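Listed below are the residues making up each chain.
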Amino acid sequence: MAKQKRAKAKVKSKPLDKISSIALKVLLWFLMVTVFWVLVYRFVNPPITLLMVQRNIERSADDKPYKMEKKWVDFEDISDNMKRAAVSAEDQLFLKHLGFDVKAIEKAFETNKKGKKIKGGSTISQQTAKNVFLWPGRSWIRKGFEAYFTMLIEILWSKERILEVYLNVIEMGDGIYGAEAAAQSYYGKSCHKMSRAQAALIAACFPNPRRWTPKKATSYIRHRQYLIMRNMRRLGPLDF
């Protein structure tokens with residue numbers, strides 16, 4: 001009788017053992033692939049993002065032509081004004097935190113509970129992780145992956161590399177990606193030559209770059225530009 005019970009227990013445990021073994025292998029492969037992927041992008045510039053692909057699929061659905069204006073610019077060739085404007089507008093604690101601004105996240109959570117407007121608390125590191133490695137969206141699953149990739153780039157990349165990638169892949173207009181393409185489109189010059197006011201105006205449009213544009217800045221965007229310029233003066237040097 002005891003032997004029969006042990007035999008039954010073994011039979012039951014075999015499927016569970018198999019599932020556990022498969023799950024462990026999948027997890028290990030996921031960790032190896034993602035760590036390797038992030039390490040590669042520490043040295044190799046991301047050629048394209050899923051957001052860029054999605055935007056062109058949307059354009060095709062609307063019978064609009066393909067559009068992807070982008071040109072990679074090395075960190076030292078990006079205007080200090082653009083770097084400071086981005087940090088001032090999106091993440092003033094960028095050089096101090098480890099990928100997450102807990103206070104900003106808590107504030108955004110409380111704001112979203114009270115009102116209908118969704119307010120984000122994402123850092124530049126989180127936005128970079130989302131833009132480079134993930135698909136657009138607001139699901140909790142994607143947020144979980146975003147947190148994971150944020151930790152990886154904070155561990156495996158420098159802050160300088162994070163900001164460089166961010167300023168080269170972020171959406172800055174309809175079919176416009178990165179600081180160089182934005183500077184050429186809006187001001188007819190390289191991003192290396194952007195003034196403080198010009199950089200601040202581009203950064204003012206970051207939250208919704210397809211709705212807002214430096215070419216037709218509303219009073220609201222002008223006010224955001226003023227606030228960003230004020231923060232730029234207070235920010236101090238960006239010591240990487």
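Definitions and cut-offs
- All chains use their own residue numbering, which begins from 1 and follows the written sequence.
- Given that the model is predicted, a residue must reach a pLDDT of at least 70 before its local features are reported, and side-chain atom pairs must reach 80 or more before they are shown or counted; all residues, however, enter totals for whole chains, interfaces and linings.
- Processing note: side-chain calculations cover all non-hydrogen atoms of the structure and skip hydrogens and water entirely.
- Where helices and strands are cited, they refer to DSSP runs of H or I of at least four residues and of E of at least two residues respectively, numbered from the N terminus.
- Buried residues are those whose accessible area, probed at 1.4 Å on protein chains only, stays under 20% of the maximum for their type, while exposed residues exceed 50% and partly exposed ones sit between those limits.
- A contact between two residues is defined here by any heavy atoms of the two lying within 4.5 Å.
- Note that accessible areas follow from Shrake-Rupley with a 1.4 Å probe, and for residues the cover is restricted to the protein chains shown.
- We define a salt bridge as a side-chain nitrogen of Lys or Arg found within 4 Å of a carboxyl oxygen belonging to Asp or Glu.
- Residue types Ala, Val, Leu, Ile, Met, Phe, Trp, Tyr and Cys, when buried and joined through side-chain atoms within 4.5 Å, form a set referred to as a nonpolar core.
- What makes two strands pair is DSSP finding at least two bridges between them.
- Helix span, as expected, comes to 1.5 Å for every residue beyond the first.
- To obtain each axis, a line is fitted to C-alpha atoms, and for helices this fit is confined to the stretch in contact; angles are then taken between N-to-C directions over 0 to 180 degrees.
- Just so you know how the angles are binned, under 35 degrees is roughly parallel, over 145 roughly antiparallel, 65 to 115 roughly perpendicular, and the rest oblique.
- Residues are grouped as follows: Ala, Val, Leu, Ile, Met, Phe, Trp, Tyr, Cys and Pro are nonpolar; Asp, Glu, Lys and Arg are charged; every other residue, Gly included, is polar.
- Ring pairs are drawn from Phe, Tyr and Trp, using the six-membered ring of Trp, whenever the two centres fall within 6.5 Å, and their geometry is named by plane angle: stacked under 30 degrees, edge-to-face over 60, tilted for the rest.
- Criterion for a charge above a ring: Lys NZ or Arg CZ within 6 Å of the ring centre, and within 35 degrees of the ring normal.

K.L.:
Is there a simple way to think about the overall build of the protein in this case?
P.N.:
Helix and strand content of the protein: 10 helices and 3 strands. In the protein, the succession of α and β elements from N to C terminus is α-α-β-α-α-α-α-α-β-β-α-α-α. Split into buried and exposed, the 240 residues of the protein put 40% on the buried side. Pairs at least 24 apart in sequence give 68% of the contacts found in the protein among residues at least 6 apart. By element, 60% of the accessible surface of the protein is carried by carbon and sulfur atoms, the whole surface being about 14500 Å².

K.L.:
Looking at this structure, how should I read the pattern of salt bridges?
P.N.:
Side chains carrying opposite charge are able to pair once their charged atoms draw close together. For the structure on display, the rule yields 10 salt bridges. Across the pair E69 and K67 runs a salt bridge whose closest N-O atoms are separated by 4.0 Å. With relative accessibility at 33%, the residue E69 sits in the partly exposed group. R210 is the partner of E171 in a salt bridge, and the nearest nitrogen-oxygen pair spans 4.0 Å. Of the two residues, E171 sits in strand β2 (residues 171-173) while R210 sits in the loop between α9 (196-204) and α10 (219-235), which places them 39 residues apart along the sequence. Put simply, R55, E58, E171 and R210 are held in one network by salt bridges that share partners.

K.L.:
Help me understand the nonpolar core in this model?
P.N.:
Soluble globular proteins: nonpolar side chains tend toward being buried together. One finds M82, F133, W157, M172 and F206 to be the most contacted residues of the largest nonpolar core, which totals 54 residues. In contact with F133, not counting residues within four places along its chain, are W37, V38, Y41, F149, I153 and W157.

K.L.:
How should I be thinking about the sheet that holds strand β3 (residues 176-177) in this particular structure?
P.N.:
Pairing between the strands of a sheet is mediated by backbone hydrogen bonds and can be parallel or antiparallel. In space, the 3 strands of this open sheet follow the order β1-β3-β2, with mixed pairing throughout. Of all strands in the sheet, those bounded by a partner on one side alone are β1 (69-70) and β2. Sheet topology places β2 next to β3; 2 bridges connect them, and they run antiparallel. Paired with G173 across the two strands is I176, which belongs to β3.

K.L.:
Help me understand helix α6 (residues 140-156) in this model?
P.N.:
Because each turn of an α-helix spans 3.6 residues, side chains separated by three or four positions in sequence point in the same direction. With 17 residues, α6 extends 24 Å between its outermost C-alpha atoms, agreeing within 8% with the 24 Å of an ideal straight helix rising 1.5 Å per residue. Among all positions in α6, only R142, E146, Y148, F149, T150, L152, I153, E154 and L156 are buried.

K.L.:
Would you mind showing me how to read the packing of helix α8 (residues 179-187) against α9 here?
P.N.:
Helix-helix packing is characterised by the crossing angle of the two axes and by the distance between the axes. Two elements in contact, α8 and α9, have axes separated by 11 Å at closest approach and are oriented at 110°. Relative to α9, the element α8 is oriented roughly perpendicular. For the pair α8 and α9, contact is made by A182, A183, Y186 and Y187 and by Q198, L201 and I202, respectively. Tallied by class, the residues present in the contact of α8 with α9 amount to 6 nonpolar, 1 polar and no charged.

K.L.:
Would you explain helix α5 (residues 124-133) in this entry?
P.N.:
With 9 of its 10 residues buried, α5 lies for the most part within the structure. Along α5, the residues that are buried comprise I124, S125, Q126, Q127, T128, A129, N131, V132 and F133.

K.L.:
Looking at this model, I keep getting lost on the packing of α5 against α6. Mind explaining?
P.N.:
Across the interface, α5 lies against α6 with an axial gap of 8 Å and an inter-helix angle of 110°. The orientation of α5 relative to α6 falls into the category roughly perpendicular. Where α5 abuts α6, its residues S125, Q126, T128, A129, K130 and F133 lie against R142, E146, F149, T150, I153 and E154. Of the residues assigned to the contact of α5 with α6, the class counts are 4 nonpolar, 4 polar and 4 charged.

K.L.:
What's the story with the packing of aromatic side chains in this structure? I'm lost.
P.N.:
Both the distance between ring centres and the angle between the ring planes are used here to describe each pair of aromatic rings. Applying the stated criterion across every chain, the model contains 12 aromatic pairs. Ring centres of W37 and F133 lie 4.9 Å apart, and the angle between their planes is 90°; this geometry places the pair in the edge-to-face category. Taken together, the residues span a long stretch of sequence, with W37 in helix α1 (residues 2-43) and F133 in helix α5 at a distance of 96 residues. Taking the relative accessible area as the measure of exposure, F133 reaches 5% and is therefore buried. An angle of 5° between the planes, with centres 4.8 Å apart, marks the rings of F133 and F149 as stacked. With F133 in helix α5 and F149 in helix α6, this pair connects stretches of sequence that are 16 residues apart. With respect to class, F133 is no different from F149; both count as buried. Ring pairing ties together the aromatic residues F30, W37, Y41, F133, W135, F145, Y148, F149 and W157, which thus form one cluster. Cation over ring: K83 sits above F75, and NZ or CZ is 3.8 Å from the ring centre. Seen from the ring of F94, K159 lies directly overhead, with NZ or CZ sitting 4.6 Å from the centre.

So, to be careful, I would describe these as geometric facts and stop short of saying anything about function.
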